[in-house]
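# Examining the three-dimensional arrangement
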Amino acid sequence: MTVHERAEQVRVMFDRIARRYDLMNSLMTGGRHQAWRRVAARIAEPQPGGLALDVATGTGDLALALLAQTPIRGVIGLDFSDGMLKVGREKLGRKDPGGRVKLVIGDALRLPFPDKTFACVTSAFLLRNLADLAQGLAEMRRVTHPGGKVVALEITQPTLPGWSHLFGWYFHRLVPRLGALVSGNREAYTYLPRSVERFLPPAQLSWLMERVGLRDVGYRRLGLGTVTIHAGTA
């Protein structure tokens with residue numbers, strides 16, 4: 001499968017689950033995904049009055065967290081799924097009446113912005129879906145002001161004895177069944193645990209972030225190790 005074909009496959013999948021995406025996130029995490037986004041937003045630490053970019057913004061939850069948790073002036077939320085953006089625009093009509101979040105369609109591997117545009121760049125649950133991870137990270141660094149942070153919230157495999165086995169059973173067995181019931185798309189929620197299983201562990205992702213030019217790279221594990229927030233400075 002070519003890079004373009006893989007990207008198109010992922011885009012179509014997200015279009016299909018867009019209407020039930022928020023509900024499934026809440027069910028899968030017991031509602032904790034919003035708290036994780038708030039932590040990621042605070043870690044981004046944008047300069048007051050700056051502009052943030054949220055890549056793969058989906059329905060806009062991390063963009064809204066940036067508004068609530070930081071002194072940012074506004075947020076551009078970019079996603080390549082028109083279906084997700086449609087749901088996001090409906091949500092922002094209710095939750096962002098001032099219009100401080102602007103949603104645009106675009107490709108995370110070719111961000112349509114000049115160098116050094118944003119005070120910070122964030123993403124939630126994006127990186128494991130990228131056809132070219134190094135290029136995606138390099139693009140995020142490219143459009144960040146020097147000294148600004150690149151922050152990524154990702155699902156990870158826990159390592160705690162006992163808990164890792166229980167989580168694996170839940171993630172690989174129960175989540176696809178729940179996804180089929182709630183979203184009508186078992187395939188998407190079978191892809192989810194498989195994509196996490198194939199993804200880099202936190203230490204290796206940190207190394208790759210440094211390789212593309214980010215500094216002071218580190219990570220913080222949450223949710224008993226089931227999610228990790230990665231951060232580096234441009």
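This report concerns the structure included in the present document. (Residues numbered from 1 in each chain as written. Predicted model: local features only at pLDDT ≥ 70, side-chain atom pairs only at ≥ 80, totals over all residues. Heavy atoms only, no water.)

### Structural notes on the packing of helix α2 (residues 33–44) against helix α3 (residues 61–69)
Keep this limit in mind: Think of each axis as a best-fit line through the C-alpha atoms, taken over the contacting stretch in the case of a helix, with angles from 0 to 180 degrees between the N-to-C directions. Strands here are runs of E lasting at least two residues and helices are runs of H or I lasting at least four, both read from the DSSP assignment and numbered beginning at the N terminus. By the definition adopted for this analysis, an angle is roughly parallel if under 35 degrees, roughly antiparallel if over 145, roughly perpendicular if from 65 to 115, and oblique otherwise. Should the near helix be turned counterclockwise from the far one by less than a right angle, the crossing is left-handed, whereas a clockwise turn marks it as right-handed. Should any heavy atoms of two residues lie within 4.5 Å, those residues are counted as being in contact.
At a minimum axis distance of 8 Å, the contact between α2 and α3 shows a crossing angle of 55 degrees. Classified by the angle their axes make, α2 and α3 are oblique. Where α2 crosses over α3, the handedness of that crossing is right-handed. Contacts between α2 and α3 pair H33, Q34, R37, R38, A40, A41, R42 and A44 from the former with D61, L62, A65, L66 and Q69 from the latter.

### Focus on the pattern of salt bridges
Applicable threshold: Salt bridges are defined by distance alone: a side-chain nitrogen of Lys or Arg within 4 Å of a carboxyl oxygen of Asp or Glu.
Inspection of the entire model under this criterion finds eleven salt bridges. D216 serves as the salt-bridge partner of R215, at 3.8 Å between the closest nitrogen and oxygen. Because the salt bridges share partners, they merge into one network encompassing E8, R11 and D15.

### Describing a positive patch on the surface
Where we set the bar: Patch membership is restricted to residues that have no salt bridge and whose relative accessible area is over 30%. Joining uses 9 Å for like charges and 5 Å for the nonpolar side chains Val, Leu, Ile, Met, Phe, Trp and Tyr. Using a 1.4 Å probe, the Shrake-Rupley method yields the accessible areas, and only the shown protein chains count as cover for residues. Lys and Arg are tallied as positive, Asp and Glu as negative. Neither His nor the chain termini are counted. To locate a charge, take atom NZ for lysine, CZ for arginine, CG for aspartate or CD for glutamate.
Together, R32, R38, R42 and R220 give the surface a local cluster of positive charge. Along the polypeptide, R32 turns up in the loop between α1 (3–29) and α2.

### Comments concerning the packing of aromatic side chains
This is how it is decided: Between rings of Phe, Tyr and Trp, where Trp is taken as its six-membered ring, a pair exists when centres lie within 6.5 Å; planes separated by under 30 degrees are stacked, by over 60 edge-to-face, and by other angles tilted. Between buried and exposed lies partly exposed: a residue is buried under 20% and exposed over 50% of the maximum accessible area for its type, with that area taken using a 1.4 Å probe on protein chains only.
For the coordinates displayed, the defined rule picks out four aromatic pairs. Arranged with centres 6.2 Å apart and planes meeting at 65 degrees, the rings of F14 and Y21 form a pair that is edge-to-face. Each member of the pair, F14 as well as Y21, carries the same accessibility label: buried. Aromatic side chains F113 and F118 sit 5.0 Å apart centroid to centroid with 90 degrees between the ring planes, which places their arrangement in the edge-to-face category. A relative accessible area of 14% places F113 in the buried class. Through a chain of ring-to-ring contacts, the aromatic side chains of W163, F167 and F171 assemble into a single cluster.

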